[in-house]
Amino acid sequence: MNHYHSSRSILANKFCFNVAALSLILFLIMTKGGNSVSALAASKGTLVGTGTLGGFGRADGGELRKLYSPIEPYNTGRLDVGSGHSVYYEECGNKDGKPVVFIHGGPGGGCSESNRCFFDPELYRIILIDQRGSGRSTPTADLTDNTTWDLVKDIELLRETLKIDKWMLFGGSWGSTLSLVYAIEHPDRVTEMVMRGIFLMKSEELEFFFQQGTSMLFPDAYVDYSMHIPEEERGGLIQAYYKRLTSDDKAIREAAAKHWTTWEMSTSFAKPNVDYIKKGDDPEFAAAFARIETHYFVNLGWLPTPNHILENIDKIRHIPTFFTHGRYDVVCPFKSAFDLSQTFPEAEFVVCGQSGHSANEEEHTSELVMACDKFAGKK
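What you see is a predicted model, and the numbers here were worked out from it, not measured in a lab. (Residues numbered from 1 in each chain as written. Predicted model: local features only at pLDDT ≥ 70, side-chain atom pairs only at ≥ 80, totals over all residues. Heavy atoms only, no water.)

S.K.: Looking at this structure, how should I read helix H7 (residues 250-266)?
M.R.: Given 3.6 residues to a turn, an α-helix orients residues that are three or four positions apart in the same direction. Its 17 residues place the ends of H7 24 Å apart at the C-alpha level, agreeing with the 24 Å of an ideal helix rising 1.5 Å per residue. Buried within H7 are the following residues: Ala256, Ala257, Trp260, Thr261, Trp263, Glu264, Met265 and Ser266. Here the buried face of H7 lies against helix H4 (203-211), helix H5 (219-227), helix H6 (237-245), helix H8 (274-277) and helix H9 (283-298). N-capping of H7 is provided by Asp249, with a side-chain oxygen placed 2.9 Å from the backbone N of Ala251. (Helix = DSSP H or I, 4+ residues; strand = E, 2+ residues; numbered from the N terminus. Expected span 1.5 Å × (residues − 1). Buried < 20%, exposed > 50% of the residue type's maximum accessible area, 1.4 Å probe, protein only. Contact = heavy atoms within 4.5 Å. Polar contact = N/O pair within 3.5 Å; in protein donor to acceptor, adjacent residues only side chain to side chain.)

S.K.: So what exactly am I meant to see when it comes to the environment of Asp224 here?
M.R.: Within the secondary structure, Asp224 sits in helix H5. The spacing of Asp224 and Trp263 is 39 residues in sequence and 7.9 Å in space, taken between C-alpha atoms.

S.K.: So what exactly am I meant to see when it comes to the pattern of salt bridges here?
M.R.: Side chains that differ in charge, positive against negative, can pair when their charged atoms come close. Going through the model one piece at a time under the given rule, you end up with 22 salt bridges. The closest approach of N and O atoms between Glu254 and Lys250, which form a salt bridge, is 3.9 Å. On the criterion of helical spacing, the pair formed by Glu254 and Lys250 is a turn pair, its members being four residues apart in helix H7. Three or more residues joined by partner-sharing salt bridges are found here, namely Glu72, Glu90, Arg116, Asp130 and Arg136. (Salt bridge = Lys/Arg side-chain N within 4 Å of Asp/Glu carboxyl O.)

Shown next, in the form of structure tokens:
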């Protein structure tokens, strides 16, 4: 590396550290300041061009909404989508209700029972789908013909199979990516979009979280994640993990999956969630999550251009859209949501001022439930 690049790297590292330190200080001030800070934030709003404050910062000061009560599916099924993949899906709620499809994160995360509960079951026909290789879809963690475009085809096949004309999309993190890509491909099949933790599948996002950026805020978790890889390969951690997660040696794959998954789970909440972190200890979940994520990330989602989503917003500008993002999200940096809001000002953008990445943080949960209620016509 020449002197110019060394100097630029040092300056970039100092800038990243200063931004991270300032963010942490502001977060501590907000969480310790309690109601007085929330009241001030509500009166000031948020920074110019970054939507409105939600959650604890809402001007009405009302109680945060919770998930709806647990429900069971009234129908389950599988789609034979080719290449040996059997894709699981389920339907819950009202058979004659407003159709919504839940698009999970990761990629590779799969759906959980609580994902059914963002929607009023009396008003919504709630459809969940486990993407290829994820959750209850089989074979687990299979990378064969497992790309963004294959998943878009699977979602469209599910819509046709269930004889749904149009439906609402609900997705967070990678689920927001896939929702946006699906909507761009099939804008006439989407009634509304509700999203959280915007991820645009750009190299700058991956560099920030998996290489250097979040490491400044969670150095303790980063040590375990990065030290699993030999020093000579740490300049490209995603590629190094992908190499191990696609190894023929099961022990090598499982060790890499544990460290990769634990890193992401450790950083998903503004206040780390121990139960979430333990997901790294589940070898079946970690295998699918880590293998599929790295498979997609080394290929940048097979998107045709680095800025594919933002370049195609005109195709979906007419679709009523709501999205929320945690100000302290260190998995999908806030800049992604900001960039989307600048390109797509017609969408409603709500900032959760005391939250990180997870939909299970109370601000995110409340905002998402309210958005779904609104789109169902509930007051």
